[in-house]
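A look at the structure
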Amino acid sequence: MAFVQHTPALPLHDSIESIWDWRVAPGEFRLERILPAPGSSLIINLLEDESRVYADDAGLDCKRSAGAVLSGQFTESFVIDTHEQVSVIGVMFKPAGACSFFRERMDLLGNRHTDLEALVGSDGPRLRERLLQMPSAQQRLAAVESWLRRRCTQFTAHAAVGYALDALQRCPQIQRIDALVRDSGLSQRRFSTLFREQIGVGAKQYARMLRFRCAVAHARPQVDWSRVAADCGFHDQPHLNREFRTFSGMTPSLYLARKGAYTNHIALPTT
């Protein structure tokens, strides 16, 4: 198993959390549920020229895309298989970060996987073909970074969106967006439109996802879920349970039982 991660320098670092390369020996086919997290990702499958997402834990109704996709800002979990994860390179964008590289409204890309070719034309498949010829992770990471530098534009998130992102990240317990809208000096409609266009989902839904992420960060053996509910801004433990199921597709206790080495990849039982 080999995982190599690279943090690009400015100006890319303003928009990108990391570029990463993953290699692992092929193993038994297994389904995994992927939890939503802040930001979108570019995912390039180097084993197969295909990406797969399944409708449920049984692996039914498989939706197939190209081997290079943009995974937009998700606020729900989705299911993939381990054969997709043998040889992969990816880019983790910060919230609103993908706007610097793709000339598309993020709300048209949220909660879905979009073929890279549909966003950048033949430049997407050509990138994947070049990566296939490179024997080392360092070469592949450098090639992706060079590709991103060529595509990078002078995009800056609207000040109101940036302010809201910072406030929500510092305090995911915020229950109402009204105060953020009022502080922005914009109308509710204008604020909502800007947030959706630049982040990919609405501000309220994004805030709910951050509270869910707060709960995930507290998930460990012998956790007091009622205390977690209070610390993360839920009304009570039943509210936490409902939200956790909405965003992860499972209860908090089932998540703990299935959780492995990777927080966001939850192995599903084989049938």
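Keep in mind the model is a prediction, meaning the values are calculated, not measured. All residue numbers refer to positions counted from 1 along the written sequence of the respective chain. In keeping with the predicted nature of the model, local features appear solely for residues at pLDDT of at least 70, side-chain atom pairs appear and are counted solely at 80 or more, and the whole-chain, interface and lining totals rest on all residues. Computation of side-chain values covers all heavy atoms of the structure but excludes hydrogens and water.

Digging into unusual backbone geometry
Selection rule: A helix here means a DSSP run of H or I that spans at least four residues, while a strand means a run of E at least two residues long, and both kinds are numbered starting from the N terminus. Type-normalised accessible area, obtained with a 1.4 Å probe on protein chains alone, sets the label of each residue: buried when under 20%, exposed when over 50%, and partly exposed for intermediate values.
Residues leucine 10 and proline 11 are joined by a peptide bond in cis, for which omega reads 5°. The residue proline 11 is located in the loop between β1 (2–6) and β2 (16–23) in this model. One non-glycine residue, alanine 96, adopts positive backbone phi at about 75°. The topology assignment puts alanine 96 in the loop between β9 (87–93) and β10 (113–115). With relative accessibility at 9%, the residue alanine 96 sits in the buried group.

Brief notes about the packing of helix α4 (residues 159–170) against helix α6 (residues 188–199)
The following threshold applies: Between N-to-C directions, angles cover 0 to 180 degrees, with each direction set by a line fitted to C-alpha atoms, over the stretch in contact for helices. Should an angle fall under 35 degrees it is called roughly parallel, over 145 degrees roughly antiparallel, and 65 to 115 degrees roughly perpendicular, with every other angle called oblique. Any two residues whose heavy atoms approach within 4.5 Å are treated as being in contact. Polar here means any residue outside two lists: the nonpolar Ala, Val, Leu, Ile, Met, Phe, Trp, Tyr, Cys and Pro, and the charged Asp, Glu, Lys and Arg; Gly therefore counts as polar.
Contact geometry for α4 and α6: axes closest at 9 Å, N-to-C directions at 75°. Considered as vectors, α4 and α6 are oriented roughly perpendicular to each other. Residue-level inspection shows Ala160, Val161, Ala164 and Leu165 of α4 in contact with α6, the latter providing Phe191, Leu194, Phe195, Gln198 and Ile199. Tallied by class, the residues present in the contact of α4 with α6 amount to eight nonpolar, one polar and no charged.

Examining the pattern of salt bridges
Two side chains carrying opposite charge are able to pair once their charged atoms lie near each other. We count it as follows: Definition used for salt bridges: Asp or Glu carboxyl oxygen within 4 Å of a side-chain nitrogen of Lys or Arg.
The full count for this structure, using the stated rule, is 15 salt bridges. The salt bridge partner of glutamate 197 is arginine 105, with a shortest N-O separation of 3.8 Å. A residue pair is termed long-range when its members are at least 10 positions apart, and glutamate 197 in helix α6 and arginine 105 in the loop between β9 and β10 qualify at 92 residues. A relative accessible area of 24% places glutamate 197 in the partly exposed class. What makes arginine 105 partly exposed here is its relative accessible area of 40%.

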